[in-house]
Amino acid sequence: MAFSIRAVSPAAAARAERQYDRLDTVSVLLCTRDRPELLDECLSSCTQLIHPPGIDIRVCVADNNEIAHEHNILQTAKSIGLNIDYCHEPRRGYASARNCALKLAIATHADLAVFLDDDSRADPRLVVEHVDAVRRYRADAVLGRIEGLSRRPREGRRVYRAGTGNISLQRWIYAPEPQGMGLRFDERLNLLGQEDREFFADVIRNGGVIQQSCLPVVHNSDAEEANPSSTARPFKARLSFAKMEGRNEVVVARIRHGFGKAIARLALRQTPQLQRGLTDAALSIAVRSVDGQRSKAKMEEARLRLAKVGAAISGFWRPGFERQAARCGQLVEVSHPSDPRTSS
């Protein structure tokens, strides 16, 4: 009789640690920088969270301010009767702050981690609904709904692109090996953005399943401000953000996956933008004499799309733009730091 031994991949071993029914602790992870008033509102909403039966909820704050605001944050939490776990990450950037939050999830022995933004307010049933959705769909991650921002959410839909505004993760995703995959946000993207999309792409590449549910809800404090592409914002600010998105999409692909993947991403994402931009420009000219307002709106859409395409092409030789500055209507190029995982 012949025997064969098959090596178990780290991803397969980590996925074997999935827990759908035995969830003892859920940690709610908040990352914050320079928004103390909004953080106060977010923490206040967390005091109203309903505990699922037999599950402990921990609230964790990753402070990304250059100088730690530990005293103020802890005092605020104490004043509203909320016990929190705290860590300080002075390196500015989305990825560094979220990795700091994941350390807190590990330290608090979280079986499920739920990411929230500091400018949002948690619905009282947020944790209950995330736990129920994980169990119902046997999911590794559940993407919830952001009131006023989520676009066409559909219950039970499998998701292939996700952000961190309202999402839960099973422990095997972030726990260190050999209990988990030890996935982290790429800190080379700290100022560029898209670190959350890349993180969840890594989750999917390692066999993770992300499901959408409309029932876990957070409320954004200012939906218009949170959406940089909103037509309520000045056109110049929207144009800057469009250029940043186009440039950074290619730069991020080049940094993480090389020029081949960057070329493929450019063709996949920007070809439709180019086609729609040219169509919008032609339509704007066609209706100019009969509907000036519509003509202006269509020309603005055309300029946004074509600017995004042009910025994407320049991403092959130019550095990326700082995401936060672009949200404010400014284009600031940032150098590409070395990979923190290999630097000394």
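## Some thoughts on the packing of aromatic side chains
No. 1: The full count for this structure, using the stated rule, is four aromatic pairs.
No. 2: Measuring from centroid to centroid gives 6.4 Å for Phe 259 and Phe 316, while their planes differ by 20°, and the two rings are stacked. Here Phe 316 lies in the loop between helix H11 (292-314) and helix H12 (323-327) and Phe 259 lies in helix H10 (residues 259-287), a separation of 57 residues in the sequence.
No. 3: Among the aromatic residues, ring-to-ring pairing joins Phe 115, Phe 185, Phe 199 and Phe 200 into one connected group.

## Description of the side chain of Thr 32
No. 1: Examined against the element boundaries, Thr 32 turns out to sit in strand S1 (residues 25-32).
No. 2: Exposure remark for Thr 32: the relative accessible area of 4% places this residue in the buried category.
No. 3: Engagement of the side chain of Thr 32 in a polar contact is seen with the side chain of Asp 118, the distance being 2.8 Å.
No. 4: If sequence neighbours within four positions are ignored, Thr 32 has contacts with Leu 39, Val 61, Ala 62, Asp 63, Asn 64, Asn 65, Ile 73 and Asp 118.

## Some details on the packing of helix H7 (residues 195-205) against helix H9 (residues 235-257)
No. 1: Their axes nearest at 12 Å, the elements H7 and H9 cross at an angle of 45°. Taken as axis vectors, H7 and H9 run oblique relative to one another. Relative to H9, the crossing made by H7 is right-handed. Between H7 and H9, the residues in contact are Arg 197, Glu 198, Asp 202 and Arg 205 and Glu 249, Val 252, Arg 256 and His 257, respectively.
No. 2: By residue class, the composition of the contact of H7 with H9 is one nonpolar, one polar and six charged.

So, how was this worked out
Residues numbered from 1 in each chain as written. Predicted model: local features only at pLDDT ≥ 70, side-chain atom pairs only at ≥ 80, totals over all residues. Heavy atoms only, no water. Phe/Tyr/Trp six-rings, centres within 6.5 Å; stacked < 30°, edge-to-face > 60°. Helix = DSSP H or I, 4+ residues; strand = E, 2+ residues; numbered from the N terminus. Buried < 20%, exposed > 50% of the residue type's maximum accessible area, 1.4 Å probe, protein only. Polar contact = N/O pair within 3.5 Å; in protein donor to acceptor, adjacent residues only side chain to side chain. Contact = heavy atoms within 4.5 Å. Axes fitted to C-alpha atoms, helices over the stretch in contact; angles between N-to-C directions. Parallel < 35°, antiparallel > 145°, perpendicular 65-115°, else oblique. Left-handed = near helix turned anticlockwise from the far one by under 90°. Nonpolar A, V, L, I, M, F, W, Y, C, P; charged D, E, K, R; others polar.

Take it as geometry only, folks, not as evidence of what the structure does.
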